Amino acid sequence: MNKEVKICQSCGMPMTEEEQFGTNADGTKNEEYCKYCYSNGSFGKDETLEEMIESCAPFMVQEGDCKTIEEAKEMLKEYLPTLKRWRNTR
Ligand SMILES: [Zn+2]
């Protein structure tokens, strides 16, 4: 009960399954980032925060977290900078 859900520290996606974890260069799991953001020891894309917001927003609408793209972008603008990957940028 009450198992802590890990949140990808790049895109904010909750990782409920171990297979959603990213992978390190040595093939072990990386529990800080999801497999979409981080695999084989590096980020798949060298995105900026703005690009990440653009690519995540449609998913949030799709998942029902937000009603519109604009609303999703506003939330991501507040939320993503609190995550580890973005905390030290800019
Ligand atoms: Zn991610």
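Everything below is about the structure shown above.
Residues numbered from 1 in each chain as written. Predicted model: local features only at pLDDT ≥ 70, side-chain atom pairs only at ≥ 80, totals over all residues. Heavy atoms only, no water.

Student: Quick question: what am I supposed to make of the pattern of salt bridges here?
Tutor: Opposite charge on two side chains allows them to pair when their charged atoms are near. As enumerated under the stated definition, the model contains 5 salt bridges in all. Put simply, glutamate 31 and lysine 6 hold a salt bridge, and the shortest N to O gap is 3.5 Å. A residue pair is termed long-range when its members are at least 10 positions apart, and glutamate 31 in strand β4 (residues 29-34) and lysine 6 in strand β1 (residues 6-7) qualify at 25 residues. Taking relative accessible area as the criterion, glutamate 31 reaches 41% and is therefore assigned partly exposed. Of the residues examined, lysine 6 reaches a relative accessible area of 33% and is grouped as partly exposed. (Salt bridge = Lys/Arg side-chain N within 4 Å of Asp/Glu carboxyl O. Helix = DSSP H or I, 4+ residues; strand = E, 2+ residues; numbered from the N terminus. Buried < 20%, exposed > 50% of the residue type's maximum accessible area, 1.4 Å probe, protein only.)

Student: Looking at this model, I keep getting lost on the packing of helix α1 (residues 49-62) against helix α2 (residues 69-79). Mind explaining?
Tutor: Any two packed helices are characterised by how steeply their axes cross, that is the angle between the axes, and by the distance between the axes. Relative orientation of the contacting elements α1 and α2 amounts to 120 degrees, with a least axis distance of 8 Å. Comparing their axes, α2 and α1 come out oblique. Between α1 and α2 the crossing geometry is right-handed. Contacts between α1 and α2 involve Ile53, Glu54, Cys56, Ala57, Pro58, Met60 and Val61 from the former and Ile69, Ala72, Lys73, Met75, Leu76 and Lys77 from the latter. Looking at side-chain class alone, the contact of α1 with α2 contains 10 nonpolar, no polar and 3 charged residues. (Axes fitted to C-alpha atoms, helices over the stretch in contact; angles between N-to-C directions. Parallel < 35°, antiparallel > 145°, perpendicular 65-115°, else oblique. Left-handed = near helix turned anticlockwise from the far one by under 90°. Contact = heavy atoms within 4.5 Å. Nonpolar A, V, L, I, M, F, W, Y, C, P; charged D, E, K, R; others polar.)

Student: For this particular structure, what's the right way to read the coordination of the zinc ion?
Tutor: By definition of the ideal shapes, four donors in a tetrahedron about a metal sit 109.5 degrees apart, and six donors in an octahedron sit 90 or 180 degrees apart. Donor atoms from the polypeptide that coordinate the zinc ion comprise Cys8 (SG), Cys11 (SG), Cys34 (SG) and Cys37 (SG), at 2.3 to 2.4 Å from the metal. Each of the 4 donor atoms bound to the zinc ion contributes to angles spanning 105 to 115 degrees, and the resulting shape is tetrahedral. (Donors = N, O, S within 2.8 Å, 3.2 Å for Na, K, Ca; no water. Tetrahedral: all angles 85-135°; square planar, octahedral: opposite > 155°, others 65-115°.)

Honestly, that's just the spatial picture; any functional story needs more than this.
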